[in-house]
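Geometric and topological summary
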Amino acid sequence: MDQKTFIISYQTFHNLNALNQEDQSLCNLAEKALDSSYSPYSKFRVGTAIQLANGIVITGSNQENVAYPSGLCAERVALFTAGATHPNVVIEKMAITARSEDFEIARPIASCGACLQVMAEFEQRQKKEIEVLFYCLNGQIINAKGIKNLLPFAFVEDRLVK
Ligand code: THU
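Since the model is a prediction, treat every value here as computed from it, not as a measurement. (Residues numbered from 1 in each chain as written. Predicted model: local features only at pLDDT ≥ 70, side-chain atom pairs only at ≥ 80, totals over all residues. Heavy atoms only, no water.)

Glancing now at the site of the ligand. Taken together, the residues surrounding the ligand are Ser 42, Phe 44, Val 46, Asn 62, Glu 64, Cys 73, Ala 74, Glu 75, Ser 111 and Cys 112. The separation between an oxygen atom of the ligand and a polar side-chain atom of Asn 62 is 2.9 Å. Note that an oxygen atom of the ligand is positioned 2.8 Å from one of the backbone N or O atoms of Cys 112. Contact with the protein chains removes 75% of the 370 Å² of surface that the ligand exposes when unbound. (Near = heavy atom within 4 Å. Polar contact = N/O pair within 3.5 Å; in protein donor to acceptor, adjacent residues only side chain to side chain. Areas by Shrake-Rupley, 256 points an atom, 1.4 Å probe, with all protein chains shown as cover.)

Its identity as a non-glycine residue notwithstanding, Lys 43 has a phi of 55°, on the positive side. Relative to the helices and strands, Lys 43 is located in the loop between α1 (21-33) and β2 (44-52). (Helix = DSSP H or I, 4+ residues; strand = E, 2+ residues; numbered from the N terminus.)

Attention now moves to a nonpolar patch on the surface. On the surface, Phe 6, Ile 8, Tyr 10 and Phe 153 cluster together into a nonpolar patch covering about 490 Å² of accessible area. Position of Ile 8 among the secondary structure elements: in the segment before β1 (11-13). (Patch = residues over 30% accessible without salt bridge, like charges linked within 9 Å, V, L, I, M, F, W, Y side chains within 5 Å. Salt bridge = Lys/Arg side-chain N within 4 Å of Asp/Glu carboxyl O.)

A rise of 1.5 Å per residue sets the reference length of helix α2 (residues 74-85), with its 12 residues, at 16 Å; its end C-alpha atoms lie 16 Å apart and thus fit the reference within 8%. Check the buried side of α2 and you find it contacts β2, β3 (57-61), β4 (91-100) and α3 (113-126). (Expected span 1.5 Å × (residues − 1). Contact = heavy atoms within 4.5 Å.)

With mixed pairing, 6 strands are arranged side by side in an open sheet as β1-β6-β5-β4-β2-β3. Edge strands, defined here as strands with exactly one partner in the open sheet, are β1 and β3. The sheet shows a mean angle of 15° between the axes of neighbouring strands, direction not considered. Examined bridge by bridge, β2 and β4 share 9 bridges and lie antiparallel to one another. Note on β4: the bridge partner recorded for Thr 48 is Ile 96. (Pairing = 2+ DSSP bridges. Axes fitted to C-alpha atoms, helices over the stretch in contact; angles between N-to-C directions.)

Our next topic: the state of the cysteines. Note: disulfide means a covalent bond formed between the sulfur atoms of two cysteine side chains. Counted by the stated rule, this structure contains 0 disulfides. Looking at Cys 73, it has no disulfide partner, and the nearest cysteine sulfur is the one in Cys 115, 3.8 Å off. (Disulfide = S-S within 2.5 Å.)

What follows is the structure, given as structure tokens:
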């Protein structure tokens, strides 16, 4: 038996003012994207803003459906929009935030495993790490550089490609 350990690393910031101007703007756009969330079932809005290497920012929000699993998270709405509209442009970073109609979100939410898996594939495809900012409207921000720090056991099976 071998005991193995992953070391993951990330930074935290106390509020948006502690971020550089570019990151603050991206967070503000993620926050704006909350308005387009369609979340009548969970009443939990999630907004995402993706910074592309060509300067364009793609935003997305969670889109729910009465057949619950047919809905999609904000991150994948934005990531797949980036893939569909700017297929060869590198994703540099993404900011993700949330707002609930029922309670106050005191700490940043992290993306679900399915969204992290999609981020991992984008990284693999573009051969460049993606920086992720999770933040909450009331303060704290988490900044992880590279999906390996969020999903160390991502499924990246090279043998599936002939
Ligand atoms: N949600 C996201 O948009 N992103 C995540 O990473 C986790 C969850 C959405 C899905 C659903 O519309 C609502 O949040 C409650 O789960």
